[in-house]
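Okay, here's what each chain looks like letter by letter:
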Amino acid sequence: MALSDSHLTEHGLEAEGSGPILLIACGALAREILDLKALNGWGHMDLTCLPAKLHLYPERITDEVRKAVAKHRNSYSKIFVVYADCGTGGLLEAACTQLGVEMVSGPHCYSFFEGNERFASHSESEITAFYLTDFLVRQFEAFILKPMGLDRHPELRDMYFGNYEKLVYHAQTDDPALTAKAKTAADTLGLEFERRFTGYGDLKTTLANL
């Protein structure tokens, strides 16, 4: 399946297939989930994604997940939500409980990619870290620079990022071009750079248990 990051950002991904399990995910996770499905032969899982741009409007995520569950509930024996809390302040978890569907554990994708336990063990010492994933590195301009107006007003950089010290790139893949782009992003934001290869982390282990 050919995927465009811009399409995943604006439109998400429609469900295809006839498996008994449907994954409702953020469009920013589409490539990783499809890779895991292919690598592990998880043909019993279908995937639909909400637009990744909801990452910029977390207050809308819960309602959009509710709509997606209602749309697909009668077509699948099990629905699993591949969102962490993602800035919903617990509202998404409460909605999933009410709807009778499970979801990924963790505060956000940065945590479950690294592994929730490992991330929690050092999160308090990294309050000045700014995180990116593979998707967010590829979409750095669309998700960081343009929404913050830094493409038009780079002088605002220090107002937004003055309290950060480093950019941590959580790499799901070994891609030298993405690493170089992440390093450029760190330079653009005036931050130190650190790359951590996380692979798929808790996302892989969670989906493997479905």
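Only a predicted model underlies this, so the values are computations on that prediction, with no experimental measurement involved.

What follows is about the layout of surface pockets. Approximately 640 Å³ is the volume attributed to the largest pocket. As for the largest pocket, its lining consists of 34 residues, of which His 55, Tyr 110, Tyr 131, Leu 136 and Ile 144 are closest to the centre. At the level of secondary structure, the elements contributing two or more residues to the lining of the largest pocket comprise α5 (109–114), β5 (129–132), α7 (134–138), α8 (140–145) and α9 (157–161). Residues that form the lining of the largest pocket fall into these classes: 29 nonpolar, 4 polar and 1 charged.

On to the side chain of Thr 133, then. Within the fold, Thr 133 resides in the loop between β5 and α7. The class for Thr 133 is buried, based on a relative accessible area of 4%. Leaving out residues up to four positions away in the same chain, Thr 133 has contacts with Cys 109, Tyr 110, Phe 113, Tyr 169, His 170 and Gln 172.

Membership of the largest hydrophobic core comes to 69 residues, with the highest contact counts inside it found for Leu 23, Ile 33, Val 82, Tyr 83, Leu 167 and Leu 207. The dominant element in this core, judged by the number of residues it contributes, is strand β1 (residues 21–26), at 6 residues. Not counting residues up to four positions away in its chain, the partners in contact with Leu 207 are Leu 23, Ile 33, Leu 36, Trp 42, Met 45, Phe 80 and Val 82.

A few words now on the pattern of salt bridges. Under the criterion given, the structure shown has 17 salt bridges. Glu 14 serves as the salt-bridge partner of Lys 71, at 3.5 Å between the closest nitrogen and oxygen. One end of the pair, Lys 71, is in helix α3 (residues 61–72); the other, Glu 14, is in the loop between α1 (5–10) and β1, and 57 residues separate them in sequence. Across the salt bridge formed by Lys 166 and Glu 194, the nearest N and O atoms sit 2.9 Å from each other.

Let us look at the packing of aromatic side chains. Counting across every chain of the model gives 7 aromatic pairs. When the ring of Phe 112 is compared with that of Phe 113, the centres are 5.3 Å apart and the planes differ by 55°; the resulting orientation is tilted. Ring centres of Phe 130 and Tyr 164 lie 5.5 Å apart, and the angle between their planes is 80°; this geometry places the pair in the edge-to-face category. Remark: Tyr 164 occurs in the loop between α9 and β6 (166–171) and Phe 130 occurs in strand β5; sequence separation between them is 34 residues.

Okay, the packing of helix α2 (residues 30–40) against helix α11 (residues 201–208) next. Two elements in contact, α2 and α11, have axes separated by 11 Å at closest approach and are oriented at 50°. One element, α2, and the other, α11, form an angle in the oblique class. Helix-helix and strand crossings are classified by hand; for α2 and α11 the assignment is right-handed. Between α2 and α11, the contacting residues are Glu 32, Ile 33, Leu 36 and Asn 40 on the first element and Leu 203, Lys 204 and Leu 207 on the second. The class makeup of the residues in the contact of α2 with α11 is 4 nonpolar, 1 polar and 2 charged.

Parameters at a glance
- Residues numbered from 1 in each chain as written.
- Predicted model: local features only at pLDDT ≥ 70, side-chain atom pairs only at ≥ 80, totals over all residues.
- Heavy atoms only, no water.
- 1 Å grid on protein atoms, 1.4 Å probe; cavity = no way out; pocket = protein on both sides within 12 Å on 5 of 7 lines; lining within 4 Å.
- Points joined across faces, edges and corners; volume = space filled by probe spheres on them.
- Helix = DSSP H or I, 4+ residues; strand = E, 2+ residues; numbered from the N terminus.
- Nonpolar A, V, L, I, M, F, W, Y, C, P; charged D, E, K, R; others polar.
- Buried < 20%, exposed > 50% of the residue type's maximum accessible area, 1.4 Å probe, protein only.
- Contact = heavy atoms within 4.5 Å.
- Core = buried A, V, L, I, M, F, W, Y, C linked by side-chain atoms within 4.5 Å.
- Salt bridge = Lys/Arg side-chain N within 4 Å of Asp/Glu carboxyl O.
- Phe/Tyr/Trp six-rings, centres within 6.5 Å; stacked < 30°, edge-to-face > 60°.
- Axes fitted to C-alpha atoms, helices over the stretch in contact; angles between N-to-C directions.
- Parallel < 35°, antiparallel > 145°, perpendicular 65-115°, else oblique.
- Left-handed = near helix turned anticlockwise from the far one by under 90°.

Everything listed here is a matter of geometry and, on its own, says nothing about what the molecule does.
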